[in-house]
Amino acid sequence: MAIETPTVLSADCKMALADLLQLPSGQIISAWDAVRGNAAYDWHLFGAREVAVPVPLLADVQRRVLDRVLRTGPVSPAAYAGVPGRSYVAAAWRHLGGTGAETVVMDIAGAFGSTTYGHVRSALSRRLKHELWVLGLDSDDAKAVVQVIAHLVTVDMDGRSRQLPLGAPTSVALFNLVLLSLDGDLARWCVPRGIRYTRYVDDMVFSCSEGVPNQLEEFVEHNVERFRFRLNQNKTVRSAAGMGTVHGLVRTADGIVPGEGARRRFADNIQWHTRQAEDEATSEAHREKSRGFLKGLNTFLRQFYERQDLARPEMLKIHVPEGSTAASPLVDLLWE
């Protein structure tokens, strides 16, 4: 789908954007101008990843798109990321709990980078069809509203294409919206066969206590490619009942706990943030962030050890500093 940018917005179009997002039209247009002028993101390296962090002006508008458009629309029962009340832990328990089941883990390659402007614009057009009709917009203005919002939630890549930015608050929910039909097609195939299916961003997990059919991988690959994505074949793993790792969690004889790789990452984070929290040469603001991270991680780990009456490994024991008022971090601790 060609990337079309309206040059002039009608008064009706501006009013519709303000009604949809419940923001002054001037604020929305200022953010849109920043996007069109490639002045809307700060770029950072996070490990091997490029993270596009929206500037405050755009971030405020994106959060309103999240609240007013993305979280008020349909949500796939399979989606466990970016959905209030759901998490990768809840998804993992669906596959690892009970009497045990064979699991198949599959990965959508380059999820955000592979989500094009065309994906986003089509998904938003379907999502906003009824609202734009109620607002009384003609076809040209309705198209322009979708184009503006599609620009606000994507990032330009060297003038050739647009994709979902890794650092934007809207990206996970938008990815869920884009994959809504794919999730539905997979669920309609899985349910009659007694297969559980969940997706955490790009990680798809299938499980069945009777065994997962051999044709699953071919069926999923065909449907993923039909929606113009592809699988990372190196990450497809089929595991016997009781042997699988789901979102970094494993099932043991005692319960469901973080796997070895996750435990190492947690231990490294505990050591680093403990040093930061105690280092008097570090600013108080950064020390408080590290205290908040330790509090959040300690609460997270409790659900696997203390709540299951399991002894926590020494490497994962956390001394939470007294008097910390920092909130737990709103981050996904296992998704890499």
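The rules behind these values
All residue numbers here refer to positions counted from 1 along the written sequence of the relevant chain. Predicted model: local features are reported for residues with pLDDT of at least 70 only, side-chain atom pairs are reported and counted for 80 or more only, and whole-chain, interface and lining totals are derived from all residues. Excluded from the side-chain calculation are hydrogens and water; included are all heavy atoms of the structure. Between any two strands, pairing holds if DSSP finds at least two bridges. Labels follow the DSSP assignment, with helices taken as runs of H or I lasting at least four residues and strands as runs of E lasting at least two, numbered in each case from the N terminus. Here's how the labels work: a residue is buried when its accessible area is under 20% of the maximum for its type, exposed when over 50%, partly exposed in between, all with a 1.4 Å probe on protein chains only. Contacts are assigned to residue pairs that have any heavy atoms within 4.5 Å of one another. Under this definition, polar contacts are N or O atom pairs within 3.5 Å; protein pairs additionally need one hydrogen-donor-capable and one acceptor-capable atom, and for neighbouring residues in sequence, both atoms have to be side-chain atoms. pLDDT gives the predictor's per-residue confidence on a scale running from 0 to 100. Here a Phe, Tyr or Trp ring, Trp counted by its six-membered ring, pairs with any other such ring whose centre lies within 6.5 Å, and the pair is stacked when the planes are under 30 degrees apart, edge-to-face when over 60, and tilted otherwise. Here, over-ring charges are defined by two tests on the NZ atom of lysine or the CZ atom of arginine: distance to the ring centre within 6 Å, and angle to the ring normal within 35 degrees. Orientation is described by axes fitted as lines to C-alpha atoms, over the contacting stretch for helices, and by angles from 0 to 180 degrees between their N-to-C directions. Throughout, the term roughly parallel applies to angles under 35 degrees, roughly antiparallel to angles over 145, roughly perpendicular to angles from 65 to 115, and oblique to all others. The sense of a crossing depends on the near helix, which, turned anticlockwise from the far helix by less than a right angle, makes the crossing left-handed and, turned clockwise, makes it right-handed. Note on residue categories: nonpolar means Ala, Val, Leu, Ile, Met, Phe, Trp, Tyr, Cys or Pro, charged means Asp, Glu, Lys or Arg, and polar means any other residue, Gly included.

Trainee: Hey, could you go over the sheet that holds strand E9 (residues 245-246) for me, with residue numbers and the actual values?
Mentor: Taken in spatial order, the 3 strands make up an open sheet running E9-E10-E11, and their pairing is antiparallel. Both outer strands of the open sheet, E9 and strand E11 (256-258), are each paired with one neighbouring strand and no more. In this structure, E9 lies alongside strand E10 (residues 249-251), joined through 2 bridges in antiparallel fashion. Bridge pairing in E10 links Thr-245 to Val-250.

Trainee: Could you give me a rundown of the environment of Arg-162, with the residues and numbers involved?
Mentor: If you trace the backbone, Arg-162 turns up in strand E5 (residues 161-163). The buried category is assigned to Arg-162, whose relative accessible area is 8%. Every residue in contact with Arg-162, bar those within four places of it in the chain, is listed here: Ile-3, Val-35, Thr-115, Thr-116, Tyr-117, His-151, Thr-154, Val-155 and Asp-156. Of the polar contacts made by the side chain of Arg-162, one reaches the side chain of Thr-154; its length is 2.8 Å.

Trainee: Please give an account of the side chain of Ser-290 that cites residues and values.
Mentor: Counting through the fold element by element, Ser-290 comes out in helix H12 (residues 284-302). Of the residues examined, Ser-290 reaches a relative accessible area of 3% and is grouped as buried. Engagement of the side chain of Ser-290 in a polar contact is seen with the side chain of His-273, the distance being 3.0 Å. If we ignore the near neighbours within four places in the chain, the residues touching Ser-290 are Trp-272, His-273, Gln-276 and Ala-277.

Trainee: Would you mind going over the confidence of the model for the chain in detail, with residue names and values included?
Mentor: Model confidence for the chain is summarised by a mean pLDDT of 90, while 94% of its residues fall at 70 or above. For the stretch residues 329-336, pLDDT sits under 50, and the model shows 24 contacts to residues farther than four places along the chain or on other chains.

Trainee: Describe in detail the packing of aromatic side chains, supporting the description with residues and values.
Mentor: Under the defined criterion, the tally for this structure stands at 8 aromatic pairs. For the pair Phe-300 and Phe-304, a centre-to-centre distance of 5.2 Å together with 70° between the ring planes defines the contact as edge-to-face. When sorted by exposure, Phe-300 lands in the same class as Phe-304, which is buried. Members of the aromatic cluster, each reached through a chain of ring pairs, are Tyr-88, Tyr-200, Phe-266, Phe-300 and Phe-304. One Lys or Arg, Arg-36, reaches over the ring of Trp-32 and ends 3.8 Å from the middle of that ring. A cation sits over an aromatic face here: Arg-86 above Tyr-80, 5.7 Å from the ring centre.

Trainee: Give me the lowdown on the packing of helix H2 (residues 25-36) against helix H3 (residues 56-70), citing residues and values where you can.
Mentor: Between H2 and H3, the least distance of the axes is 9 Å, while the angle of their chain directions is 120°. Of the possible angle classes, the one that applies to H2 and H3 is oblique. Once H2 is placed against H3, the crossing between them reads as left-handed. Within the contact between the two elements, H2 uses Gln-27, Ile-28, Ser-30, Ala-31 and Val-35 and H3 uses Leu-57, Leu-58, Asp-60 and Val-61. Split by residue class, the contact of H2 with H3 holds 6 nonpolar, 2 polar and 1 charged.

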